[in-house]
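Structural overview for review
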Amino acid sequence: MSRWPRQTDRQTDRQTDMLSKVQRCFRPASVTLRRLHQSALDVVDHPASEDSVTDSFGRFIHGVQPHQLTPTVLHRSKRMVLDSIGVGLLGSTTHVFQLALQHCQHMYGPDDISSVYGRRGTRLSPTLAAFVNGVAAHSMDFDDTWHPATHPSGAVLPALLAVSDMLPSNSKPSGRDFLLAFNVGIEIQGRLMRFSNEAHNIPKRFHPPTVVGTLGSAAACARLLSLEHSQCSHALAIAASLSGAPMANAATQSKPLHIGNAARLGLEAALLASRGLEASPRVLDDTAGVAGFSAFYEDYAPQPLASPEEEGLQFLLENQDIGFKRFPAHLGMHWVADAAAAVHKLLLGEQGSGGSGQGSGVVGQVQDILLRVPRSKYIDRPFPESEHEARHSFQFNACSALLDGEVTVDSFSQEALQRPDLYSLLGRVHVEHPHDNPANFDRMYGEVQVTLVGGDVLNGRCDTFYGHWRNPLTNESLRKKFRSNAGAVLPREKVEGLIEAVEGLDKLEDCCPLLEQLQ
């Protein structure tokens, strides 16, 4: 019995039509391109000089091989895929996702190629599917975070899933090819951010996924589509022209669009490059008088990537693990939440066995709350007015943990946001920004000091929360998070099927089992 998903005639026709637009310029994954000069759509090859940064990136994307993925990189990247799918499925229940999906369905013609998170039977064009699934991944700010600071998976995975759906059933990428493309997209983001000291800190100007995420998506898709090295370089340069969103839209309904656009526009950049569109051959180089990628980071100092053919190639993920969130909020919130939860336990001790430990029982004891956190304006919100602002508020997350002992998905519901006890505590919060507490996810800490009505002082401090790359979630904790998130929209057998498909992805001859579970 065939394991391939059945396709309607209409769906097959649409897939064939989509593929006919791009197949003259690439063959599916694992097949090397040989037809540069056989079509009017082929790229005229004007490569950059061999020592240029941009050319070295293109050669890396084109030349790196699946066997260069170590067991550590495979393990960590599969955890990233599982977590990203889970937060995307839960994100498909949000109002922001519904708005994005309705927009795509109403403003664009039907093109039922690629599946949509949490919507059985709903399909869109590959680029629109990448967009809405990217929105879902970031709609609750529950997606992973790396160092230097960005959300790497949500910009890459939706685009790769959309491309995999687009390819015909007899040309689906193997699980290893899929994971290689995913890791290429992650690697490109990390390499670009390491060229800037500014990028190591919590951002102030551009939201990083809209910059490096777009190029990461382009790189991943270029790899999965087996583009030539010059086309890979052009894909990055095209993506650079489609990048950038200001931090002013953080803590609003528009922030999830940043990840959706990164996934979508990166895929579009790869498809345009596959059709022959060219762009600057030095977009990643530091060229005096002409800003390329340096437009986004003023201290950008790039270096060429080593050839993938050299011995000892090592992905950044080998040594720099990923941060996974336990609750859906900005990563910085996890430090103050854990510090406040420690104080909550002390409050229980102060109340004794007769105390409730919740709500008014806590509020009645507290006179003053002092938070010692990094200086970062967009996450310093004394009285958040929406769930999106609450996810970006040191004050809200500290007070929620003081009241309840933890922060959860339900902490951001309208009912929780409007609690009188919460507002009472928020009015007692003061904030300090110690000089030894930088706005840097690798060096910051969170400290909560509570002065009680009787004058006693309780302290809680968190230097490394559970889920941070220095203290990663166990596999069991990650599966528990995934089951909770995916179970909000999928039956149990689908949830378990996805866990099995992702954890065994590197052993699959093709990625159909993964795509089938998502459909």
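Residues numbered from 1 in each chain as written. Predicted model: local features only at pLDDT ≥ 70, side-chain atom pairs only at ≥ 80, totals over all residues. Heavy atoms only, no water.

Identification of the protein chain as Cis-aconitate decarboxylase from Oncorhynchus mykiss is taken from an unreviewed UniProt entry. Turning to the protein chain, the UniProt record has this under Subunit (unreviewed entry): "Homodimer." One UniProt comment on the protein chain, placed under Subcellular location (unreviewed entry), says "Mitochondrion". (UniProt positions renumbered as here; feature names shortened; annotations may be inferred.)

What to know about the pattern of salt bridges
The tally for this structure, following the rule as stated, stands at 23 salt bridges. One salt bridge in this structure joins Asp141 and Lys255, with 2.6 Å as the shortest N-O distance. With Asp141 in the loop between α5 (126-138) and α6 (153-166) and Lys255 in helix α10 (residues 255-274), this pair connects stretches of sequence that are 114 residues apart. As far as the burial class goes, Asp141 and Lys255 line up, both buried. Between Glu268 and Arg264 there is a salt bridge whose closest N-O contact spans 3.6 Å. A residue pair is termed a helical-turn pair when its members lie 3 or 4 positions apart in one helix, as Glu268 and Arg264 do in helix α10 at 4 residues. When salt bridges with common partners are traced through the structure, they connect Arg372, Glu432, Glu447, Arg461 and Asp463 into a single cluster. (Salt bridge = Lys/Arg side-chain N within 4 Å of Asp/Glu carboxyl O. Helix = DSSP H or I, 4+ residues; strand = E, 2+ residues; numbered from the N terminus. Buried < 20%, exposed > 50% of the residue type's maximum accessible area, 1.4 Å probe, protein only.)

Here's the deal with the nonpolar core
Ranked by internal contacts, the top residues of the largest apolar core, which has 102 residues, are Ile85, Ile188, Leu192, Leu284, Phe293 and Leu514. Apart from the residues lying within four places of it in its own chain, the contact partners of Ile188 are Phe57, Phe60, Ile61, Leu215, Ala219, Leu236 and Leu305. (Core = buried A, V, L, I, M, F, W, Y, C linked by side-chain atoms within 4.5 Å. Contact = heavy atoms within 4.5 Å.)

Focus: the packing of aromatic side chains
With the rule as written, the count across this model stands at 10 aromatic pairs. Plain terms: the ring middles of Phe293 and Tyr297 are 6.0 Å apart, the flat faces sit at 40° to each other, and that makes the pair tilted. Summarising the burial analysis for this pair, Phe293 and Tyr297 share the class buried. Judged by centre distance (4.8 Å) and plane angle (85°), the ring pair of Trp335 and Phe465 falls under edge-to-face. Residue Trp335 is located in helix α11 (residues 333-351), and its partner Phe465 is located in the loop between β6 (457-462) and α17 (475-486); the two are separated by 130 residues in the primary sequence. Each member of the pair, Trp335 as well as Phe465, carries the same accessibility label: buried. In this structure, Arg194 is placed above the aromatic ring of Trp146, and the distance from its NZ or CZ to the ring centre is 5.5 Å. If you follow Arg391 out to its NZ or CZ, it ends over the ring of Phe412, 4.7 Å from the centre. (Phe/Tyr/Trp six-rings, centres within 6.5 Å; stacked < 30°, edge-to-face > 60°. Lys NZ or Arg CZ within 6 Å of the ring centre and 35° of its normal.)

With respect to the side chain of Lys172
Mapped onto the elements, Lys172 comes out in the loop between α6 and α7 (175-193). As a buried residue without a salt bridge, Lys172 has its nearest oppositely charged side chain in Asp165, at a separation of 4.9 Å. Looking at Lys172, its side chain comes within polar contact range of the main-chain oxygen of Ser164, at 2.6 Å. Separated by 3.3 Å, the side chain of Lys172 and the backbone oxygen of Asp165 make a polar contact. (Lys, Arg positive; Asp, Glu negative; His and termini not counted. Polar contact = N/O pair within 3.5 Å; in protein donor to acceptor, adjacent residues only side chain to side chain.)

Focus on the sheet that holds strand β5 (residues 446-452)
In spatial order, the strands read β4-β3-β5-β6; together these 4 strands make up an open sheet with mixed pairing. A single partner strand is all that each edge strand has here, and the edge strands are β4 (429-432) and β6. Going from strand to strand, the sheet's axes swing by 15° on average, the running direction of each strand aside. Sheet topology places strand β3 (residues 366-372) next to β5; 6 bridges connect them, and they run antiparallel. Within β5, the position partnered with Arg372 by the bridge is Glu447. Contacts from helix α14 (residues 394-404) reach β3, β4 and β5 within the one sheet, and its direction differs from that of β3 by about 130°. (Pairing = 2+ DSSP bridges. Axes fitted to C-alpha atoms, helices over the stretch in contact; angles between N-to-C directions.)

Here we look at helix α8 (residues 212-224)
Taking 1.5 Å per residue, 13 residues should reach 18 Å; α8 reaches 18 Å between its end C-alpha atoms and fits that length. Counting buried residues in α8 gives 13 out of 13 residues, a clear majority hidden from the surface. Backbone geometry just downstream of α8 places Ser226 in the positive-phi region, at approximately 55°. (Expected span 1.5 Å × (residues − 1).)

Some details on the confidence of the model for the protein chain
Averaged over every residue, the pLDDT of the protein chain is 90; residues scoring 70 or more account for 88%. In this model, residues 21-48 is a region of pLDDT below 50 whose contacts with residues beyond four sequence positions or in other chains number 59 contacts. Under a pLDDT of 50 for its full length, residues 353-357 has, in the predicted model, 7 contacts with residues more than four places off or in other chains. (pLDDT = per-residue confidence, 0-100.)

What to know about the packing of α17 against helix α18 (residues 492-503)
It is at 10 Å that the axes of α17 and α18 come closest, and there the two elements cross at 135°. By the angle between their axes, α17 is oblique relative to α18. Here α17 and α18 pass one another in a crossing that is right-handed. Between α17 and α18, the residues in contact are Arg479, Phe482, Arg483 and Ala486 and Val495, Glu496, Leu498, Ile499 and Glu503, respectively. Partitioning the contact of α17 with α18 into residue classes produces 5 nonpolar, no polar and 4 charged. (Parallel < 35°, antiparallel > 145°, perpendicular 65-115°, else oblique. Left-handed = near helix turned anticlockwise from the far one by under 90°. Nonpolar A, V, L, I, M, F, W, Y, C, P; charged D, E, K, R; others polar.)

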